Amino acid sequence: MTALALTNSNHYPKNSLQLRYSIKYNTTQAVPLDEVITSLNSLNFLLKNASQVLTDLTHVDFIGQAIYVEKIETGSLKNDIILVITCQDAEALKRVLEWMDKYKMTKYLIPGLIGAGLMFAYQTLTNPNTNAAVVNNTTTITDSIIISGSNEMTPEMQKKIDEAIERKITRDKNGAAKAALEFFSPVRTEPNASISLGDGES
């Protein structure tokens with residue numbers, strides 16, 4: 001297994017919220033480079049509304065956001081990513097951090113955003129009235145691909161995120177469907193593949 005680090009924490013803007021997360025594609029074969037790039041591109045769409053959703057939830061305005069790749073590991077493909085959302089000033093950042101701590105969202109905001117985006121896209125690709133089954137923090141998005149990960153958000157908070165994402169993502173249903181297919185690109189050809197979500201490495 002090899003790893004490639006791609007970021008430097010000194011480059012992040014002042015007064016920014018930095019959320020680390022790991023996405024692991026559990027495969028038996030090495031993942032081709034073009035599929036690695038495709039899956040990373042999907043995150044640009046799935047997370048592009050993160051700051052707007054966070055504004056809806058916290059009533060704090062943000063001045064920018066960026067997604068960084070901290071590390072890529074080969075073998076079963078693992079991407080450690082960092083979502084950086086920049087606040088207007090230190091006081092705004094303090095308010096956001098207090099909200100994140102109160103609702104235990106530091107670990108669960110990114111999977112909440114990704115999950116809501118994928119669920120909406122899946123419904124767009126299939127029957128708009130069909131919901132994927134969610135059991136014990138494991139979501140079956142397609143007939144053969146399992147996404148697993150811990151999510152301790154309250155149902156009320158997840159519903160707020162789902163609704164906020166849907167308001168944003170419905171403006172580009174085709175983009176949502178494309179992003180979902182791209183997200184699964186590294187595992188589509190393996191019948192027993194799965195995707196694990198967890199804390200990114202610092």
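Residues numbered from 1 in each chain as written. Predicted model: local features only at pLDDT ≥ 70, side-chain atom pairs only at ≥ 80, totals over all residues. Heavy atoms only, no water.

## Here's the deal with the overall build of the protein
Along its length, the protein carries six helices and eight strands. Helices and strands appear in the protein in the N-to-C order β-β-α-α-β-β-α-α-β-β-β-α-α-β. At a minimum sequence separation of 6, the contacts of the protein that also span at least 24 residues come to 76%. Just so you have it, the protein exposes about 10500 Å², and 49% of that area is on carbon and sulfur atoms. (Helix = DSSP H or I, 4+ residues; strand = E, 2+ residues; numbered from the N terminus. Contact = heavy atoms within 4.5 Å. Areas by Shrake-Rupley, 256 points an atom, 1.4 Å probe, with all protein chains shown as cover.)

## Concerning the nonpolar core
Formed by 55 residues in total, the largest nonpolar core has its most connected members in Ile23, Leu54, Met100, Ile114, Ile161 and Phe183. Looking at this core element by element, the count peaks at eight residues for helix α4 (residues 109-125). (Core = buried A, V, L, I, M, F, W, Y, C linked by side-chain atoms within 4.5 Å. Buried < 20%, exposed > 50% of the residue type's maximum accessible area, 1.4 Å probe, protein only.)

## Regarding the packing of α4 against helix α5 (residues 155-169)
In helix packing, the relevant descriptors are the interaxial angle and the interaxial distance, both defined with respect to the helix axes. Close contact between α4 and α5 brings their axes to 9 Å; oriented N to C, the two are set at 55°. Considering their axes alone, α4 and α5 lie oblique with respect to each other. In this structure, the crossing between α4 and α5 has a hand that is right-handed. In this structure, α4 contributes Leu109, Gly112, Leu113, Ala116, Gly117 and Phe120 to the contact, and α5 contributes Gln158, Ile161, Asp162, Ile165, Glu166 and Ile169. (Axes fitted to C-alpha atoms, helices over the stretch in contact; angles between N-to-C directions. Parallel < 35°, antiparallel > 145°, perpendicular 65-115°, else oblique. Left-handed = near helix turned anticlockwise from the far one by under 90°.)

## Description of the pattern of salt bridges
Counting across every chain of the model gives four salt bridges. Residues Arg20 and Glu70 are paired through a salt bridge, measuring 3.2 Å at the closest nitrogen-oxygen approach. Note that Arg20 is positioned in strand β2 (residues 16-26) and Glu70 in strand β3 (residues 62-73), a separation of 50 residues in sequence. Notably, a salt bridge pairs Lys71 with Glu73, separated by 3.8 Å at the nearest N-O pair. (Salt bridge = Lys/Arg side-chain N within 4 Å of Asp/Glu carboxyl O.)

## Re the side chain of Ser39
Note on placement: Ser39 falls in helix α1 (residues 33-46). Given the relative accessible area of 1%, Ser39 is considered buried. In this structure Ser39 touches Tyr25, Leu77, Asn79, Glu182, Phe183 and Pro186, once residues within four positions along its chain are discounted.

## Some points on the confidence of the model for the protein
Chain-level pLDDT for the protein is 78 on average; 80% of the residues reach the 70-or-more range. Confidence drops under pLDDT 50 across residues 1-8; counting only partners more than four residues distant or on other chains, this segment forms 21 contacts. (pLDDT = per-residue confidence, 0-100.)

## Quick word on the packing of α1 against helix α6 (residues 173-183)
The N-to-C vectors of α1 and α6 enclose an angle of 145°; their axes lie 8 Å apart at closest approach. α1 and α6 meet at a crossing whose hand is left-handed. Packed against α1, whose contacting residues are Thr38, Ser39, Asn41, Ser42, Leu43, Phe45 and Leu46, the element α6 presents Gly175, Ala176, Ala179, Glu182 and Phe183 at the interface. Here the contact of α1 with α6 is composed, by residue class, of six nonpolar, five polar and one charged. (Nonpolar A, V, L, I, M, F, W, Y, C, P; charged D, E, K, R; others polar.)

## With respect to the packing of aromatic side chains
Inspection of the entire model under this criterion finds four aromatic pairs. Note on Tyr25 and Phe183: the rings are 5.9 Å apart at their centroids and 55° apart in plane angle, and the pair reads as tilted. Taken together, the positions of Tyr25 in strand β2 and Phe183 in helix α6 put the pair 158 residues apart, joining distant regions of the chain. Assessed through its relative accessible area of 1%, Tyr25 is described here as buried. Aromatic pair Phe183 and Phe184: ring centres 5.5 Å apart, planes at 85°, arrangement edge-to-face. Take Phe183: its relative accessible area is 0%, and that puts it in the buried class. Accessibility expressed as a relative area gives 6% for Phe184, which makes it buried. An aromatic cluster is defined as three or more aromatic residues linked by ring pairs; in this entry it consists of Tyr25, Phe183 and Phe184. (Phe/Tyr/Trp six-rings, centres within 6.5 Å; stacked < 30°, edge-to-face > 60°.)

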